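Residues per chain, in single letters:
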Amino acid sequence: MPETDHSSASTLVDPDRPGASTVYALCVNLRHARCMKPSRKPTTQPPQPFPVSSFTPSPDFHPERLRGMRRGIEKESLRAQPSGWLALTPHPAMLGSALTHPRITTDYSESQLELITGVHAGVQSCLAELAEIHQYTYRTLRSACGDEMLWVSSMPCVLPTDETIPLGRYGSSNIGRAKSVYRMGLGHRYGRRMQTISGIHYNWSLPGAGNEDYFSLIRNFRRHAFLLLYLFGASPALHGDFVQGRAHELQPLRTDSGAHTGDGTKKPHGEGTLHMPHGTSLRMGKLGYQSEAQASLAVSYNSLESYAASLHDALTRPWPAYEALGVLNPGGDYIQLATSLLQIENEFYGTIRPKRTIFQGERPLHALRERGVEYVEVRLLDLDPFEPIGINARTLRFLDVFLLHCLSSASPPDTPQEIAEIGRNQHLTAARGREPGLLLWREGRQATPLRDWALELLEACMPLAAQLDAAHGNTDYSAALQAARDAVHDPAMLPSARVLRAIQAEHDGSFLEFVRARSQATSADLLARPWDAAQQAKYEAMAQASVREQAAIEAADTLPFEEFRKLYVSPSRLGQPKPAKPVVV
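Residues numbered from 1 in each chain as written. Predicted model: local features only at pLDDT ≥ 70, side-chain atom pairs only at ≥ 80, totals over all residues. Heavy atoms only, no water.

(A) Region of interest: the packing of helix H2 (residues 123-145) against helix H15 (residues 533-556). At a closest axis distance of 11 Å, the pairing of H2 and H15 adopts a crossing angle of 80°. It follows that H2 is roughly perpendicular to H15 by the angle criterion. Every residue of H15 that contacts H2 at Glu129, Glu132, Ile133 and Tyr136 is listed here: Gln535, Gln536, Lys538, Tyr539, Glu540 and Ala543. Here the residues of the contact of H2 with H15 are counted per class, giving four nonpolar, two polar and four charged. (Axes fitted to C-alpha atoms, helices over the stretch in contact; angles between N-to-C directions. Helix = DSSP H or I, 4+ residues; strand = E, 2+ residues; numbered from the N terminus. Parallel < 35°, antiparallel > 145°, perpendicular 65-115°, else oblique. Contact = heavy atoms within 4.5 Å. Nonpolar A, V, L, I, M, F, W, Y, C, P; charged D, E, K, R; others polar.)

What follows is the structure, encoded as structure tokens:
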């Protein structure tokens, strides 16, 4: 089976979500395809199940099916100046069109790059492509922007005032304007600086999985997502400017006015470094993507129908504060796409999303209702500042095992009580995950030690890791699981602990100095790697093609923008619920 499934490259991962994202639900260009298009269910008879320790594997997980697993990555990073301040330069023209480039775009801000792999059958090929995209991006930044670098932390560099954080710009077409207006709306609703938090999304599918399977997976993922925050959270600290004017529980790690720049440029200001002593992922905690409006949602993942109904309500329900803003400001400029609780589907934030390839101009909810779930998008991963491309093979392999466990385990329906517990556990783990003896909520009681629950889940994953090892002829999956067990027993090994240790021991307690040093080291590493003329030509051709494609989209527009906007946000575009299946008695 080939490492990269290029036949799936015409599928789309909706990108524009606040807090971390890709190319946008309004995107009419199917070359933005990055979703997991599952392989067809094998037509040959599966081999007989093989023993794994004392566990008899499900016949559904025969080796051919496991090798049909598909994956892809979307990775966001801010462009930063050497001083640690946000770069305010436009998206480099040499990188092509942010509207239509299939591999390099922008997220919320013009200064926030998003790098996107294709669909891959292998972990190593997926990471190799992500590394290659990084290499081209760094080389382009060096040529076009001098000493700019990618900020390697999920928590942002020093930001200018909220209103001067630049929004992504996508040209003069209706779709390009809509993308920018959507971002303007996010800024009014949640504040621009919240949108500059960066992360990694992991898109995943398994052949033969259907709607019920994926929603079963999603329910279990949400129940057990605390384990991923604990193991892979890497944002326990931030620069104090980020929370100026906001209530928080962070503690100071340094008290001076900021890091020394060493190059005569403007020094960062504010409160210095703030942190949670046992925190894992401030990005996924109360300082992340939060709002009163979205807090009112209690989305059910018990079925595609219940999930779609929840989203339909949020997309069509007027929200008083947003109605007061209006779609236009007094000067006649657009400030949001709609006045409903959600402007579009991607505004709804979750740790995991069900996804489906969309057709040109189609709403994501309509696609889900009509054709079902195609893959899931895992959205809670921090950038690992110790990894040059933000993530490594061991993490991807652990995610494969974890998602397979979520798919194959019993998954009872969620309830409002459990949904509330899931939220509490997320915030507890994000803020205090490494705290000795931390208790999580389970079945109505805060009485389960995080450590014990984590080890219980890892034990349950062991047979699946063994099956994946057998399918691929190695022991890499079991090794990834063992590394996770080691980290549960020794929290000092966790990325969040390593970040705090490095900040304190090597950078005088400065978050900014730590991330600046890691960002500069990462830039030097990737620029020093081998790069040939064929690679350069491939990415230059991709950039040039994207520019031509944007021009064609702009030339083809016929509708006035207001008509385009009204058509796109019309409830009639969201699709209709499927009729309930008759009950057989």
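(B) Expanded view of the layout of surface pockets. By volume, the largest pocket is sized at about 620 Å³. Every residue lining the largest pocket is counted, 24 residues in all, and those nearest its centre are Gln294, Leu297, Tyr349, Gly423 and Gln426. Only helix H5 (292-295) and helix H10 (416-432) provide two or more residues apiece to the lining of the largest pocket. In terms of residue count, the dominant contributor to the lining of the largest pocket is H10 (seven residues). In terms of residue class, the lining of the largest pocket is made up of 13 nonpolar, nine polar and two charged. Within this model, the second largest pocket holds a volume of roughly 490 Å³. (1 Å grid on protein atoms, 1.4 Å probe; cavity = no way out; pocket = protein on both sides within 12 Å on 5 of 7 lines; lining within 4 Å. Points joined across faces, edges and corners; volume = space filled by probe spheres on them.)

(C) Main features of the state of the cysteines. Within this structure, the stated rule accounts for zero disulfides. Not engaged in a disulfide, the cysteine Cys461 finds its nearest cysteine sulfur in Cys406; these two sulfurs lie 7.4 Å apart. (Disulfide = S-S within 2.5 Å.)

(D) Examining the packing of H2 against helix H9 (residues 393-408) more closely. Running from N to C, H2 and H9 cross one another at 130°; their axes reach a closest spacing of 10 Å. Overall, the two elements H2 and H9 adopt an arrangement that is oblique. The way H2 lies across H9 gives a crossing that is right-handed. For the pair formed by H2 and H9, the contact residues are Val123, Gln124 and Leu127 on the first element and Ala393, Leu396, Arg397 and Asp400 on the second. Classifying every residue of the contact of H2 with H9 by side-chain character gives four nonpolar, one polar and two charged. (Left-handed = near helix turned anticlockwise from the far one by under 90°.)

(E) Focus on the pairing of strand E9 (residues 352-355). Neither face of E9 is exposed, since Ile352 and Pro354 on one face and Arg353 and Lys355 on the opposite face are all buried. Two elements, E9 and strand E10 (residues 375-381), share four bridges in a ladder whose sense is antiparallel. Note that in E10 the partner of Ile352 across the bridge is Val378. (Buried < 20%, exposed > 50% of the residue type's maximum accessible area, 1.4 Å probe, protein only. Pairing = 2+ DSSP bridges.)

Read these as spatial facts, not as claims about activity.
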